[in-house]
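This is what each chain is made of:
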Amino acid sequence: MPYINIKVTNEQVTKEQKHQLIVGATQLVVDVLNKNPKTTHVVIDEIPIENWGVNATQYSNSNKFK
């Protein structure tokens, strides 16, 4: 029973985009690991931008958001 956890920042990810992530991630484990899609679980966690960091910088303080 594969369990896939996708973490993204909470930057207006649409319901359709989440659906595409679930379908794509499921298909990936079917294709690569020959797993059953009926027992493959996908969870998407949306992380507040102030709780995400990269290169020792909090994303909400980086130039990307200024």
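As a reminder, the structure under discussion sits directly above these lines.
Residues numbered from 1 in each chain as written. Predicted model: local features only at pLDDT ≥ 70, side-chain atom pairs only at ≥ 80, totals over all residues. Heavy atoms only, no water.

**Q** Break down the environment of Asn 61 for me, citing the residues and quoting the values.
**A** Along the chain, the position of Asn 61 falls in the segment after β4 (57-58). Along the primary structure Asn 61 and Lys 18 are separated by 43 residues, whereas in three dimensions their C-alpha atoms are 26 Å apart. (Helix = DSSP H or I, 4+ residues; strand = E, 2+ residues; numbered from the N terminus.)

**Q** I'd like a description of a nonpolar patch on the surface, backed by residues and values.
**A** Together, Leu 28, Val 32 and Leu 33 make up a nonpolar patch on the protein surface, roughly 310 Å² of accessible area in all. You can see Leu 28 is positioned in helix α1 (residues 15-33). Accessibility expressed as a relative area gives 52% for Leu 28, which makes it exposed. (Patch = residues over 30% accessible without salt bridge, like charges linked within 9 Å, V, L, I, M, F, W, Y side chains within 5 Å. Areas by Shrake-Rupley, 256 points an atom, 1.4 Å probe, with all protein chains shown as cover. Salt bridge = Lys/Arg side-chain N within 4 Å of Asp/Glu carboxyl O. Buried < 20%, exposed > 50% of the residue type's maximum accessible area, 1.4 Å probe, protein only.)

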